[in-house]
Amino acid sequence: MWTSSAAPPRRIAVAGGDRKYGAVRGAVRGRWITTLVTDISTARRLLDEP
């Protein structure tokens, strides 16, 4: 467990494409990851959602 004086843990995900979209969306919405590396079409789909 981290305290306010320590850096929060990083959780980096690298995924993209139509087959992984649902998992990526769930991880982003559930705040399971702090950094996402993905392709442009997946990024646009995520940004276009409400």
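Residues numbered from 1 in each chain as written. Predicted model: local features only at pLDDT ≥ 70, side-chain atom pairs only at ≥ 80, totals over all residues. Heavy atoms only, no water.

Trainee: Honestly, the overall build of the protein in this entry has me stumped. Any pointers?
Mentor: A tally of regular secondary structure across the protein gives two helices and two strands. In the protein, the order of α-helices and β-strands from amino to carboxyl end is β-α-β-α. The globule rule puts the C-alpha radius of gyration for 50 residues at 10 Å, and the 13 Å found for the protein is more than 25% above it. Each of the three principal axes of the protein carries a C-alpha extent, and together these read 40 × 20 × 15 Å. Each of the 50 residues in the protein was classed as buried or not, and the buried ones make up 12%. Partitioning the contacts of the protein with sequence separation of at least 6, the portion at a separation of at least 24 is 29%. (Helix = DSSP H or I, 4+ residues; strand = E, 2+ residues; numbered from the N terminus. Rg over C-alpha atoms; globule rule 2.2 N^0.38 Å. Buried < 20%, exposed > 50% of the residue type's maximum accessible area, 1.4 Å probe, protein only. Contact = heavy atoms within 4.5 Å.)

Trainee: What am I meant to see in the packing of aromatic side chains here?
Mentor: Here the distance between the centres and the angle between the planes together describe a pair of aromatic rings. This structure, assessed with the given rule, holds zero aromatic pairs. Across from the ring centre of Tyr21, 3.6 Å away, lies the NZ or CZ of Arg45, which sits over that ring. (Phe/Tyr/Trp six-rings, centres within 6.5 Å; stacked < 30°, edge-to-face > 60°. Lys NZ or Arg CZ within 6 Å of the ring centre and 35° of its normal.)

Trainee: Before we go on, may I ask you to explain the pattern of salt bridges in this structure?
Mentor: Opposite charge on two side chains allows them to pair when their charged atoms are near. Counted according to the given criterion, the structure contains two salt bridges. Linking Arg45 and Asp18 is a salt bridge whose minimum nitrogen-to-oxygen distance equals 3.3 Å. On the criterion of sequence distance, the pair formed by Arg45 in helix H2 (residues 40-48) and Asp18 in the loop between strand E1 (12-14) and helix H1 (21-29) is long-range, its members being 27 residues apart. With a relative accessible area of 67%, Asp18 lands in the exposed category. We note a salt bridge from Arg25 to Glu49, for which the minimum N-O separation is 2.6 Å. One end of the pair, Arg25, is in helix H1; the other, Glu49, is in the segment after H2, and 24 residues separate them in sequence. Arg25 gets classed as partly exposed once you look at its relative accessible area, which sits at 29%. (Salt bridge = Lys/Arg side-chain N within 4 Å of Asp/Glu carboxyl O.)

Trainee: So what exactly am I meant to see when it comes to the side chain of Thr42 here?
Mentor: Structurally, the position occupied by Thr42 is in helix H2. Here Thr42 falls in the buried class, since its relative accessible area comes to 2%.

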